[in-house]
Amino acid sequence: MLNFFFGTVAGGLIVGVLTIAAARQPEVQARLGLRPVLPPMALAAAPKAPEPDCGRRQEAAPNGAAQEILFNRQRFWSVSP
């Protein structure tokens, strides 16, 4: 008899929690008539970002310093065979 009572209480708690969780969903609220159904709104088109001018060349960095840093052997650790 005690098992039946505990099962009933546990089942009631589960049903209560699931009902509250389901009632928090907007679709379920609309079906139950708790909240009016709003028509879907169309989003405004976002303005197109201006494209960069790829034909024009940007100011180049000095080649001497860039090459010196890029291929400098002292940047890397020396590993002996």
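Every chain's residues receive numbers from 1 upward, in the order its sequence appears when written. For this predicted model, a pLDDT threshold of at least 70 governs which residues receive local features, and a threshold of 80 or more governs which side-chain atom pairs are given and counted, while totals over whole chains, interfaces and linings are taken from all residues. Hydrogens are left out, water is left out, and the side-chain values use all remaining heavy atoms of the structure.

Peer 1: For this particular structure, what's the right way to read the overall build of the protein?
Peer 2: Here a helix means four or more residues in a row that DSSP labels H or I, a strand means two or more in a row labelled E, and each is numbered from the N terminus. Counting secondary structure elements, the protein contains 3 helices and 0 strands. Taken from the N to the C terminus, the helices and strands of the protein come in the order α-α-α. Each residue's exposure class comes from its accessible area (1.4 Å probe, protein chains only) as a fraction of the maximum for that residue type: buried when under 20%, exposed when over 50%, partly exposed otherwise. The buried share of the protein, reckoned over its 81 residues, is 1%. Residue burial considers only the protein chains on display, and all accessible areas are found by Shrake-Rupley using a 1.4 Å probe. Summing over all exposed atoms, the protein offers an accessible surface of approximately 8,700 Å²; the carbon and sulfur share of this is 65%.

Peer 1: Could you clarify how one ought to interpret the environment of Pro 26 in this entry?
Peer 2: Looking at the element boundaries, Pro 26 is found in helix H2 (residues 26–32). The class for Pro 26 is partly exposed, based on a relative accessible area of 40%. Expressed as a C-alpha distance, the spacing of Pro 26 and Val 37, which sit 11 residues apart in the sequence, is 9.1 Å.

Peer 1: I tried to follow the packing of aromatic side chains on my own but got confused; where do I start?
Peer 2: Aromatic rings considered in pairs are described by the distance between their centres and by the relative angle of their planes. Note on aromatic contacts: the rings of Phe and Tyr and the six-membered ring of Trp form a pair at centre separations within 6.5 Å, being stacked when their planes are under 30 degrees apart, edge-to-face when over 60 apart, and tilted otherwise. Enumeration according to the criterion identifies 1 aromatic pair in this entry. For the pair Phe 5 and Phe 6, a centre-to-centre distance of 6.0 Å together with 50° between the ring planes defines the contact as tilted. Classification of Phe 5 as partly exposed rests on a relative accessible area of 48%.

Peer 1: So what exactly am I meant to see when it comes to a nonpolar patch on the surface here?
Peer 2: Together, Leu 2, Phe 5, Phe 6, Val 9 and Leu 13 give the surface a local cluster of nonpolar side chains, amounting to about 520 Å² of exposed area. Among the structural elements, Phe 5 can be located in helix H1 (residues 2–23). Candidates for patches are residues over 30% relative accessible area with no salt bridge; among them, like charges are joined within 9 Å and nonpolar side chains (Val, Leu, Ile, Met, Phe, Trp, Tyr) within 5 Å. One side-chain nitrogen of Lys or Arg within 4 Å of one carboxyl oxygen of Asp or Glu is enough to make a salt bridge.

Nothing here speaks to function; it is geometry throughout.
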